[in-house]
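The residues making up each chain are set out below.
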Amino acid sequence: HKNATSASQLSLQTLMDHFEDEDVIYGWNVCHGGHPLDVLQCIETGVCPLVIERAPRPLWMGFARATQSCPKSDVCDFRVVRSRRIHPSQVASQLWSYGPVVLEVSAQLLRSADAKGVVRDQQPRPTNHAVCVVGRHSADDGTVCWVVRNSWGTSRVPRGTPPDYTECVAVGSNRCMVDWDFWQGDPKHPGFCYIPTSHPSLHETYPSPWIVCDIEVD
């Protein structure tokens with residue numbers, strides 16, 4: 001089982017499809033985003049099992065599809081446990097010790113990034129998006145920022161992504177019907193941008209916008 005898992009990867013498409021069913025979590029729609037803790041807790045409790053893709057090229061459509069079942073993999077030898085919000089003061093130690101931290105953030109905030117990918121909008125805004133914070137960066141003006149991975153950029157798009165996928169529902173169907181809204185990231189590192197560590201929205205303590213989980217391996 002361990003060998004099979006190492007040669008496979010999580011089926012993100014299946015997870016998205018499963019959450020498209022509103023019976024899983026009331027009001028949830030993966031296209032709307034903004035609920036990463038719900039996703040982690042749903043996996044943790046087994047409502048939506050972790051699913052492994054054995055195929056060499058994972059299925060990826062870029063949007064959720066209607067599904068009748070979420071088949072459980074027989075090769076998954078790890079579990080998501082203790083999904084939780086953490087205090088903003090814990091972010092640095094979590095990041096350096098364990099890896100990327102999930103951040104709930106405003107998509108509008110990210111779209112305020114300048115030509116070098118640094119977020120300049122200092123207004124606290126309601127969260128409607130989730131990103132991974134993967135490191136720390138000093139901007140040209142000395143501003144200390146968190147490094148945010150917001151997308152695959154132009155060079156990390158998964159194989160199999162439809163060539164005409166330029167908006168939320170470009171291929172297939174989805175209830176979203178929202179046009180793709182392009183955003184300004186770091187031109188040297190497409191898919192990444194930088195949020196000042198001092199930004200007020202990052203220091204909310206209730207509920208904290210910072211989310212982590214633990215992984216247990218059999």
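See above for the structure.
Analysis parameters
Residues numbered from 1 in each chain as written. Predicted model: local features only at pLDDT ≥ 70, side-chain atom pairs only at ≥ 80, totals over all residues. Heavy atoms only, no water. Pairing = 2+ DSSP bridges. Helix = DSSP H or I, 4+ residues; strand = E, 2+ residues; numbered from the N terminus. Axes fitted to C-alpha atoms, helices over the stretch in contact; angles between N-to-C directions. Buried < 20%, exposed > 50% of the residue type's maximum accessible area, 1.4 Å probe, protein only. Phe/Tyr/Trp six-rings, centres within 6.5 Å; stacked < 30°, edge-to-face > 60°. Salt bridge = Lys/Arg side-chain N within 4 Å of Asp/Glu carboxyl O. Core = buried A, V, L, I, M, F, W, Y, C linked by side-chain atoms within 4.5 Å. Polar contact = N/O pair within 3.5 Å; in protein donor to acceptor, adjacent residues only side chain to side chain. Contact = heavy atoms within 4.5 Å.

K.L.:
For this particular structure, what's the right way to read the sheet that holds strand S7 (residues 192–196)?
P.N.:
For sheets, the rule is that strands pair by backbone hydrogen bonds, running either parallel or antiparallel. With antiparallel pairing, the six strands of this open sheet are ordered in space as S3-S8-S4-S5-S6-S7. Looking along the sheet, the strands with just one partner apiece sit at the ends: strand S3 (78–86) and S7. Strand-to-strand twist in this sheet, taken as the mean axis angle between neighbours without regard to direction, amounts to 40°. The pairing of strand S6 (residues 144–149) with S7 spans five bridges and is classified as antiparallel.

K.L.:
Explain unusual backbone geometry to me, please; I cannot follow it from the model alone.
P.N.:
It is generally the case that most residues other than glycine have a negative phi and that most peptide bonds are trans. The amide bond that connects Tyr206 to the next residue, Pro207, takes the cis arrangement and shows omega of -15°. Locating Pro207 in the fold gives a position in the loop between S7 and strand S8 (210–217). At Arg82, a position not held by glycine, the phi torsion is positive, near 55°. By secondary structure assignment, the location of Arg82 is in strand S3. Using a relative accessible area of 49% as the deciding quantity, one classes Arg82 as partly exposed.

K.L.:
Would you mind going over the packing of aromatic side chains with me for this structure?
P.N.:
Two aromatic rings, taken as a pair, are described by how far apart their centres are and by the angle between their planes. By the definition in use, this model includes one aromatic pair. With a centroid separation of 6.0 Å and an interplanar angle of 70°, the aromatic rings of Trp146 and Trp210 are classed as edge-to-face. Here Trp210 lies in strand S8 and Trp146 lies in strand S6, a separation of 64 residues in the sequence. On the accessibility criterion, Trp210 (1% relative accessible area) is buried.

K.L.:
Help me out: how do you make sense of the pattern of salt bridges in this one?
P.N.:
It is possible for side chains bearing opposite charge to pair when their charged atoms get close. A complete count under the given rule lists eight salt bridges for this structure. Among the salt bridges present, the one from Arg79 reaches Glu216, with a minimum N-O distance of 3.1 Å. Taken as a pair, Arg79 in strand S3 and Glu216 in strand S8 lie far apart in primary sequence, 137 residues in all. Its salt-bridge partner being Arg120, residue Asp114 comes within 3.0 Å of it at the nearest N-O pair. Arg120 gets classed as partly exposed once you look at its relative accessible area, which sits at 40%. When salt bridges that share partners are traced, they join Arg82, Arg84 and Asp214 into one network.

K.L.:
I keep staring at the nonpolar core and nothing clicks. Help me out?
P.N.:
Ranked by internal contacts, the top residues of the largest apolar core, which has 18 residues, are Leu103, Val105, Leu110, Val133, Trp146, Ile195 and Trp210. Put simply, the parts of the chain that give this core at least two residues each are helix H4 (91–98), strand S4 (101–105), helix H5 (107–110), strand S5 (129–138), S6, S7 and S8. No other element matches S4, which puts three residues into this core. In terms of nonpolar packing, the next biggest core, distinct from the first, is built from 10 residues, Leu15, Leu37, Val39 and Leu50 among them.

K.L.:
How should helix H3 (residues 36–45) be read in this particular structure?
P.N.:
One full turn of an α-helix is made of 3.6 residues, so residues set three or four places apart face in the same direction. Buried within H3 we find Pro36, Leu37, Val39, Leu40, Cys42 and Ile43. Positioned one or two residues after H3, Gly46 has a phi angle of 85°, which is positive.

K.L.:
I tried to follow the pairing of S5 on my own but got confused; where do I start?
P.N.:
For a regular strand, the rule is simple: side chains alternate between the two faces of the sheet. In terms of strand pairing, S4 meets S5 through five bridges, oriented antiparallel. Bridge pairing in S5 links Glu104 to Ala130. In this sheet, S6 lies alongside S5 in antiparallel orientation, the contact comprising six bridges. Each residue of the ladder has a partner; that of Ser138, found in S6, is Val144. Taking the residues that link successive antiparallel strands as the turn, the S5-S6 hairpin has five residues, and the phi of Gly142 there is positive, at about 90°.

K.L.:
What's the story with the side chain of Ser201 in this structure? I'm lost.
P.N.:
Locating Ser201 in the fold gives a position in the loop between S7 and S8. Looking at Ser201, the relative accessible area reads 14%, which means it is buried. Side chain to side chain, Ser201 and His199 meet in a polar contact 2.9 Å long. Setting aside residues no more than four positions away along its own chain, Ser201 makes contact with Leu109, Pro124 and Pro209.

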